[in-house]
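Residues per chain, in single letters:
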Amino acid sequence: MAKINPGFLNLEENYLFIEIGRKIREYTEANPDKAIIRMGIGDVTLPLAPVCVGAMKQAAEEMGVKETFRGYEDSGRGYAFLREAVAGYYKSFGADVNVDEIFISDGAKSDSGNITDIFADDNIVMVSDPAYPVYVDSNIMNNKRVIYADANEATGFSPVVPDGVKADIIYLCSPNNPTGAAFTREQLKAWVDYAAANNAIIIYDAAYEAFISDAELPRSIFCIEGARNCAIEIASLSKTAGFTGTRLGYTVVPKQLEFNDGSNVLKIWARRQGSKFNGVSYIIQRGAEAVFTPEGQRQTRESIGYYMENAQIMSETFSELGIPYTGGTNSPYIWFKCNMPSWDFFDLLLSEKQVVGTPGSGFGKNGEGWFRLTAFNTRKNTIEAMKRVKELLSE
Ligand code: PLP
């Protein structure tokens, strides 16, 4: 009889955002007349930049013409035109990344989960707590031991390098989902030094790098000296260019990165992708290429600016209420203290004010008593939600 991968028996029953979706459905069925404002799942609300739509239309036309039709893309790593555009983008903020170190994918969720495939089961995996749940879930599914680096109120919700604890793989995310905290160069350098000292590999999630406006903060781990010897970076156009439904991400694996036996990480990742992934549609890759043109950058930065103005409105609300929070600058998330179990606050906010957020405890034990709201809604909804939050928290 077929046996289950035992890792799956160690998971929570539902993935966090599926559970939130279930609770919203339950509430809407019972209260069909109540309009909900969704600030829970970090999905964008603005449409794609016109320059991306134009590029995708043109690519679709090409696919309908015999001379320009394209089938499978032979490298499986993404078209050179897009990898070159991504490498140019990295250069623009001082990160040293080569075209042939870039792997195009359908998003950062897939890559951050799939990357666990290439590591042996007996690696010790360190994940910051709280963290984007995919890191823990995918490692548990793949039967790896997960330990945690605390990020709490005392550390400004940035994970600090642990003393005397050894890990082989370390997941870091900056600007952080859920806490909105962004690493300084010094904080990130401390992690790079820790990885070097422990022969560990950092898997660095830069899905929100484009929200960094402070020029002093690193936009990539490859802005840090020594990172090319110990880090893989995963990034995405989902939040930075509104590709949550369009789907495109990329992973950077430096050529010199090695496993402990001296085998080459880039080669192994390419081998894994070669067998299990058949690439992203040509049309979407052309749309993504457009993001990195000057006009694409101008248009996508406009959307980011809009969301960051929402974040400003949200930050002002929590400042006014005198409630401790992080995020809101260099990040589209606000992470605030809700002073009760996070799921209780979720239920209260939904039932009393019809606003949906994400309970902090869903991201780890340090998230208990904290709550995440996203700045990705419309201006009107953001203002209305803040009015309702204010009412609830001043009652
Ligand atoms: N990484 C982080 C930290 C995220 O918050 C998200 C999405 O919310 C992702 C990755 C997933 O991105 P994608 O849509 O590219 O799969």
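Going by the structure above, here's the rest.
Bear in mind the structure is a predicted one, so any value in this text is a computation, not a measurement.

**Overview of the site of the ligand**
Okay, so step 1: The environment of the ligand is made up of 14 residues, and the closest members are Asn177, Asp205, Tyr208, Ser236 and Ser238.
Okay, so step 2: Between the ligand and alanine 108 there is a distance of 2.7 Å, counted from an oxygen atom to a backbone nitrogen or oxygen.
Okay, so step 3: One of the side-chain N or O atoms of serine 238 is found 2.6 Å from an oxygen atom in the ligand.
Okay, so step 4: The protein chains hide 91% of the 390 Å² of surface that the ligand would expose on its own.

**Here we look at the nonpolar core**
Okay, so step 1: Among the nonpolar cores identified, the biggest contains 123 residues, and Ile170, Ile202, Leu248 and Tyr250 are the most heavily contacted of them.
Okay, so step 2: A per-element tally of this core places helix H3 (residues 80–92) first, with 7 residues.
Okay, so step 3: Apart from residues no more than four positions distant in its own chain, isoleucine 170 is found in contact with Met126, Trp191, Tyr194, Ala195, Ala200, Ile201, Ile202 and Ile203.

**Remarks on unusual backbone geometry**
Okay, so step 1: Here the bond from aspartate 129 into proline 130 is cis, since omega is 10°, no more than 30 degrees from zero.
Okay, so step 2: Secondary-structure assignment places proline 130 in the loop between strand E3 (124–129) and helix H5 (134–141).
Okay, so step 3: We note that asparagine 143 has phi near 60°; this positive angle belongs to a residue other than glycine.
Okay, so step 4: Position of asparagine 143 among the secondary structure elements: in the loop between H5 and strand E4 (145–150).
Okay, so step 5: Here the phi dihedral of asparagine 330 falls at roughly 60°; this positive angle occurs in a residue that is not glycine.
Okay, so step 6: The residue asparagine 330 is located in the loop between strand E9 (325–327) and strand E10 (333–337) in this model.

**Considering the packing of aromatic side chains**
Aromatic ring pairs are defined here through the distance separating the ring centres and the angle between the ring planes.
Okay, so step 1: Following the criterion strictly, the structure yields 29 aromatic pairs and no others.
Okay, so step 2: Taking 6.0 Å as the distance between ring centres and 85° as the angle between the ring planes, the aromatic pair formed by phenylalanine 81 and tyrosine 282 counts as edge-to-face. A residue pair is termed long-range when its members are at least 10 positions apart, and phenylalanine 81 in helix H3 and tyrosine 282 in helix H8 (residues 282–291) qualify at 201 residues.
Okay, so step 3: You can call phenylalanine 81 buried: its relative accessible area is 16%.
Okay, so step 4: You can call tyrosine 282 buried: its relative accessible area is 4%.
Okay, so step 5: Between phenylalanine 318 and phenylalanine 336, the ring centres sit 4.2 Å apart and the planes meet at 25°, which makes this aromatic pair stacked. Of this pair, phenylalanine 318 sits in helix H9 (residues 294–321) while phenylalanine 336 is found in strand E10, placing the two residues 18 residues apart along the sequence. Neither phenylalanine 318 nor phenylalanine 336 differs from the other in exposure class; each is buried.

Rules and cut-offs
Residues numbered from 1 in each chain as written. Predicted model: local features only at pLDDT ≥ 70, side-chain atom pairs only at ≥ 80, totals over all residues. Heavy atoms only, no water. Near = heavy atom within 4 Å. Polar contact = N/O pair within 3.5 Å; in protein donor to acceptor, adjacent residues only side chain to side chain. Areas by Shrake-Rupley, 256 points an atom, 1.4 Å probe, with all protein chains shown as cover. Core = buried A, V, L, I, M, F, W, Y, C linked by side-chain atoms within 4.5 Å. Buried < 20%, exposed > 50% of the residue type's maximum accessible area, 1.4 Å probe, protein only. Helix = DSSP H or I, 4+ residues; strand = E, 2+ residues; numbered from the N terminus. Contact = heavy atoms within 4.5 Å. Phe/Tyr/Trp six-rings, centres within 6.5 Å; stacked < 30°, edge-to-face > 60°.

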